[in-house]
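Reading the structure
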Amino acid sequence: MTNRVLVVDDDAAVRAALGQTLELAECDAITVGSFVAAKDLITPDFDGVILSDMRMPGRDGFHLLRYVREVDADLPVILLTGEGDIPMAVQAMAEGAFDFLEKPCASADLMAVVRRALKTRALVRENRALKSRLESGDPAARMIFGTSPQVEELRARTRAVAATGAEVLVTGAPGGGISKVAEVIHLMSPRGQGPFVKRPAAGLSADGFADLCREAAGGSLYLDEIAALPSETQYAMLEALEQGIEARVLVGSVADLAQEAAEGRFLADLFYRLDVMRVRIPALSERPEDIPVLFSHYVAQAAEQAGIAMPDIPQEHLAALMAQDWPGNARSLMSAAMRFVLGMPEEAAQSAELGLAEQLAQVERSLLIAALGRQNGNASAAAKALKLPRKTFYDKLARYGIRPEDYRR
């Protein structure tokens, strides 16, 4: 998340004090004494927020606010006001100011508003980046959502396996979008202009499999939940793959197919043939930072389907969503977005009933799990990535009952 704050105040002493307060809170403060000095820094690409005095010689806070709104209406402007300026500040809020603070202002109050503005700015920039990728990117960018390192790795892996002609096994937790990733692999492959035939593996006969191969000739055949494929069809499928077919075979499974094969519930030779290329979809619990971006996308999608304007999503609501584990992954988050659009956001309401300490604990637990997932269960590497002393990190794991070995792949 960005931590840059542009401070605009003509009083050098106030400017220096604000800069020091921000730097002590680990913000990157840029201090200037006038609108003219600030103007060149205010661009749509500015990744921070603006903190400005209302009363300044020449171009005042109102002028700055109006200029910012023309450049980037989503760039937060926080105004500092004297006692007599409060009616003016209220008017500025009506014109789009993010918030206002009365001088003198306690450091805690200032930083609470600044951090809220920084979170808002970060979310806006993430959504813009996502929209840009959707409009100009390849199928992996358009169809696989999120900005976390795990999702970037998933996109890279998807692109890599798509370029080959080998069979692909796509794995992940329920609701994680296995069939969508399989479709992305097809679209990015040399067979992307051919048919994409998708069927459940359960109940599929040997003759039915042969028919599907002919239907998918020149394209890809995707079989969902391959662990449910009947035994006789498993043998027929293995023989067909050994002899060669005109369709590329992609399969998906939420079950551990290696374990299924080891315990005799799935044909081992077929497993080894299908496991030439594997793509694993990380669960939402491993990447909670993707939840705001995903939820915003699903809300926009749900609002369009419902034929209503997209509602605003409060930061508190997004924080409550991030505090949850989401065992149903993207599918359950999509359902939550639809309920939010229809005015029934019960998940956030339930989290909101928790005290601040409990909500923060849930978010902290999610971030610990995400760090372990990124580092393949390596606790030392996860602690380093989170910039925590090893003892502190292990104490937190013990507090939440988290075992690093559960996140090794």
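The model shown is predicted, which means the values in this text are computed figures rather than measured ones. (Residues numbered from 1 in each chain as written. Predicted model: local features only at pLDDT ≥ 70, side-chain atom pairs only at ≥ 80, totals over all residues. Heavy atoms only, no water.)

1. As for the overall build of the protein chain
Put simply, the rule is: For the purposes of this entry, the term helix denotes a DSSP run of H or I that reaches at least four residues, the term strand denotes a run of E that reaches at least two, and both are numbered from the N terminus. Exposed residues in this analysis have more than 50% of their type's maximum accessible area, buried residues have under 20%, and partly exposed residues fall in between, with area computed by a 1.4 Å probe over protein chains only. Note on contacts: a residue pair qualifies if any of its non-hydrogen atoms lie within 4.5 Å across the two residues. All accessibility values rest on the Shrake-Rupley procedure with a 1.4 Å probe; residue burial counts only the protein chains present in the view.
If you tally the helices and strands in the protein chain, you get 19 helices and 10 strands. C-alpha extents for the protein chain along the principal axes are approximately 85 × 50 × 35 Å. For the protein chain, with 409 residues in total, the buried portion stands at 45%. Look at the contacts in the protein chain between residues 6 or more apart in sequence, and 69% of them connect residues 24 or more apart. Carbon and sulfur atoms form 52% of the exposed surface of the protein chain, whose accessible area is close to 19400 Å².

2. Digging into the sheet that holds strand β9 (residues 248–253)
For clarity, the cut-off: Two strands qualify as a pair provided DSSP detects at least 2 bridges between them. Think of each axis as a best-fit line through the C-alpha atoms, taken over the contacting stretch in the case of a helix, with angles from 0 to 180 degrees between the N-to-C directions.
Here 5 strands make up an open sheet; going across it, the order is β7-β8-β9-β6-β10 and the pairing parallel. Where the open sheet ends on each side, the last strands, each with one partner, are β7 (196–200) and β10 (277–281). Mean inter-strand twist for the sheet, computed between neighbouring axes without regard to direction, equals 20°. Examined bridge by bridge, strand β8 (residues 220–224) and β9 share 4 bridges and lie parallel to one another. Across the sheet, L221 pairs through a bridge with V249, a residue of β9. Across the sheet, helix α7 (residues 149–162) is in contact with β6 (168–172), β9 and β10; its angle to β10 comes to roughly 155°.

3. What to know about the confidence of the model for the protein chain
Operational definition: Residue-level confidence of the predictor is what pLDDT reports, using numbers from 0 through 100.
Predicted confidence across the protein chain gives a mean pLDDT of 86, with 91% of residues reaching 70 or more. Within the protein chain, the element-level pLDDT minimum falls on helix α16 (residues 346–352), averaging 50, and the maximum on β8, averaging 97.

4. Quick look at the nonpolar core
Where we set the bar: We call a set of buried Ala, Val, Leu, Ile, Met, Phe, Trp, Tyr and Cys residues a nonpolar core when their side-chain atoms join them within 4.5 Å.
Ranked by internal contacts, the top residues of the largest apolar core, which has 26 residues, are L223, I226, M237, L270 and L274. Elements represented by at least two residues in this core include exactly α9 (206–215), β8, α10 (231–243), β9, α11 (257–262) and α12 (268–274). The greatest single-element share of this core, amounting to 4 residues, is contributed by α10. Residues in contact with I226, not counting those within four places in the same chain, are A201, M237, V251, G252, S253, L257, F266 and L274. One finds L294, A302, I313 and A337 within the second-largest nonpolar core, a separate group that totals 21 residues.

5. Some details on the sheet that holds strand β5 (residues 99–102)
An order of β2-β1-β3-β4-β5 is seen for the 5 strands of this open sheet, with the pairing classed as parallel. The sheet is open, and its two borders are formed by β2 (28–32) and β5, each paired with just one other strand. In this sheet, adjacent strand axes meet at a mean angle of 20° when their direction is disregarded. Pairing analysis gives 4 bridges linking strand β3 (residues 49–53) to strand β4 (residues 77–81), with the strands arranged parallel. Considered in β4, the bridge of S52 is made with L79. Seen against the sheet, helix α3 (residues 61–71) touches β1 (4–8), β3 and β4 and runs at an angle of roughly 160° to β3. Helix α4 (residues 86–94) contacts β4 and β5 of the sheet and is inclined by roughly 165° relative to β5.

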